[in-house]
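Listed here are the chains, written in short residue letters.
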Amino acid sequence: MTTLNIIERLKTDRGDLQLQQRGEHYEIISNGTFLMATYNGESERELLRSALAGLSGDKRVLIGGLGVGFSLQEALKDDGVREVKVVEIEDAIIKWNHETLAPITNYAIEDHRTTIVHADLTEWIHRTTDRFNAICLDIDNGPDWTVYDENGSLYEPRALKQLQNLLMPGGIIAFWSAQPSEDFVRMLNDYFDDVSTVSISQPKGPDDIIYLAKTNPSLSD
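Visitor: A description of the packing of helix 5 (residues 157-166) against helix 6 (residues 182-191) should follow, citing residues and the corresponding values.
Guide: For the pair helix 5 and helix 6, interaxial distance at closest approach is 10 Å and the crossing angle is 45 degrees. With respect to their mutual orientation, helix 5 and helix 6 come out oblique. For the pair helix 5 and helix 6, the sense of crossing is right-handed. Here Pro157, Leu160, Lys161 and Gln164 of helix 5 come into contact with helix 6, specifically with Phe184, Met187, Leu188 and Tyr191. Residues belonging to the contact of helix 5 with helix 6 are distributed by class as follows: 6 nonpolar, 1 polar and 1 charged.

Visitor: Tell me about the sheet that holds strand 3 (residues 25-30), residues and numbers included.
Guide: Across the sheet, 4 strands lie side by side as 1-2-3-4; this open sheet has antiparallel pairing. The sheet terminates laterally at strand 1 (4-12) and strand 4 (33-37), the two strands that pair on one side only. Ignoring which end each strand starts from, the neighbouring axes of this sheet average 20 degrees apart. Relative to strand 2 (residues 15-22), strand 1 runs antiparallel, the two sharing 8 bridges. For leucine 10, the partnering residue across the bridge sits in strand 2 and is leucine 17.

Visitor: Talk me through the side chain of arginine 113; I want residue IDs and the actual numbers.
Guide: In this fold, arginine 113 is placed in the loop between helix 3 (91-98) and strand 7 (114-118). Residue classification places arginine 113 among the buried residues on the basis of a relative accessible area of 16%. Not counting chain neighbours up to four residues away, the residues in contact with arginine 113 comprise Leu76, Asp78, Val81, Arg82, Glu83 and Val84.

Visitor: If you had to explain the packing of aromatic side chains to someone new, which residues and values would you point to?
Guide: This model, assessed by the stated rule, comprises 4 aromatic pairs. Ring geometry for tyrosine 155 and phenylalanine 175: centres 6.1 Å apart, planes at 45 degrees, overall tilted. Of this pair, tyrosine 155 sits in the loop between strand 8 (132-137) and helix 5 while phenylalanine 175 sits in strand 9 (residues 167-177), placing them 20 residues apart in sequence. Each member of the pair, tyrosine 155 together with phenylalanine 175, is buried. Each ring, one from phenylalanine 175 and one from phenylalanine 184, has its centre 5.0 Å from the other, and the planes form 85 degrees; the classification is edge-to-face. Comparing phenylalanine 175 with phenylalanine 184, the two get one shared label, buried. Three or more aromatic residues joined by ring pairs make a cluster, and in this case those are Tyr155, Phe175, Phe184 and Tyr211. Directly above the aromatic system of phenylalanine 70 lies the positively charged group of arginine 45, at a separation of 4.3 Å from the ring centroid.

Calculation notes
Residues numbered from 1 in each chain as written. Predicted model: local features only at pLDDT ≥ 70, side-chain atom pairs only at ≥ 80, totals over all residues. Heavy atoms only, no water. Axes fitted to C-alpha atoms, helices over the stretch in contact; angles between N-to-C directions. Helix = DSSP H or I, 4+ residues; strand = E, 2+ residues; numbered from the N terminus. Parallel < 35°, antiparallel > 145°, perpendicular 65-115°, else oblique. Left-handed = near helix turned anticlockwise from the far one by under 90°. Contact = heavy atoms within 4.5 Å. Nonpolar A, V, L, I, M, F, W, Y, C, P; charged D, E, K, R; others polar. Pairing = 2+ DSSP bridges. Buried < 20%, exposed > 50% of the residue type's maximum accessible area, 1.4 Å probe, protein only. Phe/Tyr/Trp six-rings, centres within 6.5 Å; stacked < 30°, edge-to-face > 60°. Lys NZ or Arg CZ within 6 Å of the ring centre and 35° of its normal.

This is how it looks when you write it as structure tokens:
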């Protein structure tokens, strides 16, 4: 039987947060709910691959949610990426990526193209003046199943309109979700062009879903 080793447990404004090691892998647990682990990062990587595949030239990327760093690492593999800005609400997760989790992502957090912003993404998007070619969001389990109620605002019209404003013409936004949502697809079609989905099979349970949507490349900058 694999031994479970608790690396760190702490209380945050959102409740209990825990980093634990199971064999050679690490897991992040929030209020007793599994968030992410180092043994299953395919859908987090696909979030970035799917978005960046539709872009050319120099790219500025926004990632919402640092997690174990897989999305950041995947973004940095693209030679055209000039900057990756990652917004993460939990200071502990940032610290763990600098320390325990750093070797797993080949120290992606230390890359000169990486900028880490310690902030609540749902608030930060309304005060930033930055613009991006790709926005990739994985801060919760999706529009219909949020670990934190506050994150539900990210999937509502006010936030979608602002995210549209943060994209450069021809830019792409990608949302990760643990389950499909037809209502969310309809809402995306109100604000973006060429809305599509990517399904990633999981060993257990339903497929993970990535929602992709583009802005019109002919829109004035």
